[in-house]
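# Remarks on the overall topology
Spelled out, the chains give:
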Amino acid sequence: MIKGAIFDIDGVILDSMEMWNDLGKRYLSSMGIEAEKGLNDILFSMSMEEGARYLSEHYHVEKSSVEIVEDIKNMIENFYVNEVHEKDGAKELLAFIKKQGIKIVAATSSDSVQVEKALRRNCLYEYFEKIFTTSEIGKSKHSSDIYDEATRYLHILQEETLVFEDSLYALKTAREAGYIVIAVFDQYGEKNQYELKMMADYYLEDYSAFKSGKLGAPLPIAL
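Counting of residues starts from 1 at the beginning of each chain's written sequence and follows it residue by residue. This being a predicted model, a pLDDT of at least 70 is required before a residue's local features are given, and a value of 80 or more before pairs of side-chain atoms are given or counted; all residues contribute to the totals for chains, interfaces and linings. As a rule here, side-chain values cover all heavy atoms of the structure and leave hydrogens and water aside.

### Description of the side chain of Glu160
- Secondary structure elements follow DSSP: runs of H or I no shorter than four residues count as helices, runs of E no shorter than two count as strands, and numbering proceeds from the N terminus. Inspection of the secondary structure assignment puts Glu160 in the loop between α9 (145-154) and β4 (161-165).
- Here Leu157 takes part through its backbone nitrogen, which lies 2.9 Å from a polar atom of the side chain of Glu160.
- Here Glu160 is in contact with Met1, Ile2, Lys3 and Gly4, once residues within four sequence places are set aside. Under this definition, polar contacts are N or O atom pairs within 3.5 Å; protein pairs additionally need one hydrogen-donor-capable and one acceptor-capable atom, and for neighbouring residues in sequence, both atoms have to be side-chain atoms. The contact criterion used is simple: two residues touch if any of their non-hydrogen atoms lie within 4.5 Å.

Here it is in structure tokens:
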């Protein structure tokens, strides 16, 4: 019996992945600088500090890497507080799950304050019992600690818990820890959709079934 659901936020509940993919380009554009093709791929494996140093040196930005990091953080905060929208159908999915008496929490790598503000503005915050973040846990989603902390909070077991993720590495972590894993497609997210689909217990291309109310059996939850 399913008793809990753990949701990633970016790309699963909030339609925010395009911003993260284009963060360097957005920052340069704000200063009237055109980004090189493939900048996202260059910055992908870098920390924010390393990326800021690259932007400063490669594009001759007249700011220190520390100042660039602060600018980018402000840009991210503004996006979450004022711009980001829910992923289409996310509210209907959350309402459907809550209606079954299943408790819902969030597990995110983003800032908890920014996420909370975005969820409140999109009228989604009420569905969540609590927001867990990797920074507060002290480990990334390469470890199952964030999911395990969530289940301890809800007083449930891994096998009673659904985990919704759009990235392969996080889905793999949750699966190996014994959770029921739901892969969610996002056009700006995981590139290896085939392996994501193969890794998942269930795969959601979108939330249209929940939005239309015409549900077959997309999840192991009784109607």
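### Regarding the pattern of salt bridges
- Any Lys or Arg side-chain nitrogen found within 4 Å of a carboxyl oxygen on Asp or Glu counts as a salt bridge. Summed over all chains, the structure comprises 11 salt bridges.
- Glu165 is the salt-bridge partner of Lys141, the closest N and O atoms lying 2.8 Å from each other. Residue Lys141 is located in the loop between α8 (134-137) and α9, and its partner Glu165 is located in strand β4; the two are separated by 24 residues in the primary sequence. Considered together, Lys141 and Glu165 belong to a single accessibility category, that of buried residues.
- Ionic contacts of the salt-bridge type, sharing partners, join the residues Asp8, Lys141 and Glu165 into one network. Only protein chains enter the accessibility calculation, which uses a 1.4 Å probe; a residue is then buried when its area is under 20% of its type maximum, exposed when over 50%, and partly exposed in between.

### Concerning helix α2 (residues 23-30)
- Of all the positions in α2, only Leu23, Gly24, Tyr27 and Leu28 are classed as buried. Seen from one end, α2 has its buried residues packed into an arc of 130°, which puts them on one side. Projecting away from the buried face of α2 at angles above 90 degrees are the exposed residues Lys25 and Ser30.
- Tucked inside the fold, the buried residues of α2 contact α1 (17-21), α3 (39-43), α4 (48-58) and α5 (65-83). To obtain the arc, one takes the directions from the helix axis to the C-beta atoms.

### Quick word on the pairing of strand β1 (residues 4-7)
- Neither face of β1 is left uncovered, since the one carrying Gly4 and Ile6 and the one carrying Ala5 and Phe7 both have all their residues buried.
- Strand direction decides the pairing type here: β1 and strand β2 (residues 103-108), joined by 4 bridges, are parallel. In the sheet register, Ile6 faces β2, and the bridge partner there is Val105.
- Sheet topology note: the β1/β4 ladder contains 4 bridges and is parallel. By the bridge assignment for β4, Phe7 is matched with Phe164. One bridge is not enough; two strands pair if DSSP finds at least two bridges between them.

### Regarding the nonpolar core
- In this structure, Phe7, Ile13, Leu55, Phe128 and Phe164 are the most contacted members of the largest nonpolar core, which totals 50 residues.
- With 7 residues, α5 is the single largest residue contributor to this core.
- Not counting residues within four places of it along the chain, the set of residues in contact with Phe7 comprises Val12, Ile13, Leu93, Leu94, Ile97, Ile104, Val105, Ala106, Ala107, Phe128 and Phe164.
- In terms of nonpolar packing, the next biggest core, distinct from the first, is built from 20 residues, Ala107, Phe132, Leu154 and Leu168 among them. Remark: nonpolar core denotes a set of buried residues (Ala, Val, Leu, Ile, Met, Phe, Trp, Tyr, Cys) joined through side-chain atoms within 4.5 Å.

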